[in-house]
Amino acid sequence: MPTRRRYLRGVGAGAAALLAGCVTSADGELDPLAPTSLDETARTQFRGGLRNRGYVDAAVPGDVTVDWTMPINRGEHTAAKSTPVAVGGGDVVVAGDTGTVRRVGASGEIRWSTEVEPTTRGIHGTPAVANDTVYVGAYDGAMYAFDVGTGERRWRTGIGDAIGSSPVYFNGIVYIAVEYDDPSGSVAALDAGTGDLRWIDRRPTDHPHSTVAVDREAGRLVVGSNDGVCYAWSFPELERAWTFETDGAIKGPVAVHDGLAVFGSWDGHVYGVDLADGTEAWTFAAEEDVMSGPAVDPGGTVYVGSHDARLYALDGATGEERWRFQAGGWIIGSVTATREHVLAGAYDARMYALEAATGEEAWSVEGRGHATSAVLVDDGALYYAERATEERPGLLYRLVEA
């Protein structure tokens, strides 16, 4: 168990009126997040939806081969790389740490390519797609919207000094975690149609790389931060609720399932925290830091990786270990769960497919860089991205049945 763990109550009802840096209208009242005429839900977004469960109701091939590759990443930053997203017709959109966003066809042809403003770390977050628009944040501190058909920029909104997290879309609003040089952070809500800032709370005291999760049934929006705190707001009111503190940075996305927020910390633990009041339901101790974003299958099993090079399967209700798999390097990227398999990349340059029931290896594919993105499963094909090596760029891979 961690030597220091504090449960802190939030400020409760009426807190929205006190939010630091909140956006106000001309008469001084909070700008409401009213429903718009835009799409209610995203066509696709990181971790498969608002709850960041990383589960795909699909089967993956029993064996695979590499169909094609494409160079997309060239930077040295150790954060997990952007995950490709499907946009229809066999096409995917993928963002790179060079700041380039591409739409790529099933045969590897580039439909269009566009750039964000110059930034040393480019893009690490995964795009969300809604309203025929690609939404993504970049390390210049801005959110971008690009036409999904042409790549034309629709708007750009500068919010902070960097954005390393992935956007979450719901009902015409894009939610994003933002970083400042202080270091500090915020969570912001933008109008998806115009890019206008509708709400912002500079509550985190360090950089939030974590991706926002929303549980509509529980009425919660949650996010982790490098200050080791998981922050919660009411949803959709966006009033401050509870905080839960760990002994290490919370780098990965938070998953929400069955009334719990589930996430890893650099204190070497995985936590299950009650969404209602922020109390600890369970904790699991890995042997090293946990940066990986957990996946949760419909049966309630949590799959998560660690710097100890293991992938763990845990009971989502109790945190009890069900099985573990030893890879050849750190597992820092987000895990993808499917009907019968669990997919995760590692620092040994391999992408693994494991039997979900037992943790036995079904197959693995060797690349050349650290495999740190999650896996996109689309119409029988698998896509993922890796980090660059010292000599060669990191690739986008398309895997198909052998």
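S.K.: Please explain the overall build of the protein chain as it appears in this structure.
M.R.: From N to C terminus, the protein chain includes zero helices and 33 strands. What you see for the protein chain is a C-alpha radius of gyration of 19 Å, in line with the 21 Å of a compact globule of 402 residues. Its C-alpha atoms put the protein chain at 60 × 50 × 35 Å along the principal axes. The buried share among the 402 residues of the protein chain stands at 63%. Pairs at least 24 apart in sequence give 49% of the contacts found in the protein chain among residues at least 6 apart. By element, 44% of the accessible surface of the protein chain is carried by carbon and sulfur atoms, the whole surface being about 14600 Å². Both charge centroids of the protein chain, one from 33 positive and one from 58 negative side chains, sit 2 Å from each other.

S.K.: For this particular structure, what's the right way to read the pattern of salt bridges?
M.R.: Side-chain pairs of opposite charge can arise whenever the charged atoms involved come near each other. Inspection of every chain in the model, using the stated rule, returns 17 salt bridges. One salt bridge in this structure joins Arg111 and Asp91, with 3.0 Å as the shortest N-O distance. Of this pair, Arg111 sits in strand E6 (residues 110–115) while Asp91 sits in strand E4 (residues 91–95), and the two are 20 residues apart along the sequence. Using a relative accessible area of 45% as the deciding quantity, one classes Arg111 as partly exposed. For Arg310, the salt bridge goes to Asp308, with nearest N and O atoms at 3.7 Å. The same class applies to Arg310 as to Asp308, namely buried. Three or more residues joined by partner-sharing salt bridges are found here, namely Asp91, Arg103, Glu109 and Arg111.

S.K.: What should I look at first to understand the sheet that holds strand E23 (residues 295–296) in this one?
M.R.: Within a beta sheet, neighbouring strands are joined by backbone hydrogen bonds and run either parallel or antiparallel to one another. The strand order E23-E24-E25-E26 describes an open sheet built from four strands, whose pairing is antiparallel. Strands with a single pairing partner mark the edges of an open sheet, and in this sheet they are E23 and strand E26 (321–326). Relative to strand E25 (residues 310–315), strand E24 (residues 301–305) is paired through five bridges, and the arrangement is antiparallel. The partner of Val304 across the bridge, within E25, is Tyr312.

S.K.: Teacher, can you tell me more about the nonpolar core here?
M.R.: Residues Tyr175, Val187, Val212, Leu221, Val223, Trp233 and Phe235 are the most contacted members of the largest nonpolar core, which totals 18 residues. For this core, the secondary structure elements donating two or more residues are strand E11 (168–170), strand E12 (173–180), strand E13 (184–191), strand E16 (220–224) and strand E17 (229–234). Here Val212 is in contact with Leu50, Asn52, Val168, Tyr175, Ala177, Val187, Leu221, Val222 and Val223, once residues within four sequence places are set aside. Ranked by size, the runner-up nonpolar core spans 17 residues in total, among them Ile159, Ile163, Leu190 and Ala192.

S.K.: What am I meant to see in the packing of aromatic side chains here?
M.R.: The geometry of an aromatic ring pair is captured by the separation of the ring centres together with the interplanar angle, meaning the angle of the planes. Under the counting rule described, the total for this entry stands at 16 aromatic pairs. Ring centres of Phe244 and Phe263 lie 6.4 Å apart, and the angle between their planes is 70°; on these two criteria the pair is classed as edge-to-face. With Phe244 in strand E18 (residues 240–245) and Phe263 in strand E20 (residues 260–264), this pair connects stretches of sequence that are 19 residues apart. Given the relative accessible area of 1%, Phe244 is considered buried. Members of the aromatic cluster, each reached through a chain of ring pairs, are Tyr135, Trp155 and Tyr169.

S.K.: What's the story with the environment of Tyr144 in this structure? I'm lost.
M.R.: If you trace the backbone, Tyr144 turns up in strand E9 (residues 142–147). Residue class for Tyr144 comes out buried when judged on its relative accessible area of 0%. Sequence separation between Tyr144 and Asp378 is 234 residues; the distance between their C-alpha atoms is 25 Å. In this structure Tyr144 touches Val116, Glu117, Val134, Tyr135, Val136, Ala138, Arg153, Trp155 and Arg156, once residues within four positions along its chain are discounted. For Tyr144, the side chain forms a polar contact with the main-chain nitrogen of Glu117, separated by 2.9 Å. Only 3.0 Å separates the side chain of Tyr144 from the side chain of Arg156, close enough to count as a polar contact.

S.K.: Looking at this structure, I do not really get the sheet that holds E13. What am I missing?
M.R.: One open sheet holds the four strands; their spatial order is E11-E12-E13-E14, and the pairing between them is antiparallel. The open sheet has two edge strands, E11 and strand E14 (197–201), and neither has a second partner. Strand-to-strand twist of the sheet, defined as the mean angle between neighbouring strand axes without regard to direction, takes the value 25°. Bridging between E13 and E14 involves four bridges; their strand directions are antiparallel. The residue of E14 that forms the bridge with Val187 is Asp201.

So, how was this worked out
Residues numbered from 1 in each chain as written. Predicted model: local features only at pLDDT ≥ 70, side-chain atom pairs only at ≥ 80, totals over all residues. Heavy atoms only, no water. Helix = DSSP H or I, 4+ residues; strand = E, 2+ residues; numbered from the N terminus. Rg over C-alpha atoms; globule rule 2.2 N^0.38 Å. Buried < 20%, exposed > 50% of the residue type's maximum accessible area, 1.4 Å probe, protein only. Contact = heavy atoms within 4.5 Å. Areas by Shrake-Rupley, 256 points an atom, 1.4 Å probe, with all protein chains shown as cover. Lys, Arg positive; Asp, Glu negative; His and termini not counted. Charge placed at Lys NZ, Arg CZ, Asp CG, Glu CD. Salt bridge = Lys/Arg side-chain N within 4 Å of Asp/Glu carboxyl O. Pairing = 2+ DSSP bridges. Core = buried A, V, L, I, M, F, W, Y, C linked by side-chain atoms within 4.5 Å. Phe/Tyr/Trp six-rings, centres within 6.5 Å; stacked < 30°, edge-to-face > 60°. Polar contact = N/O pair within 3.5 Å; in protein donor to acceptor, adjacent residues only side chain to side chain. Axes fitted to C-alpha atoms, helices over the stretch in contact; angles between N-to-C directions.

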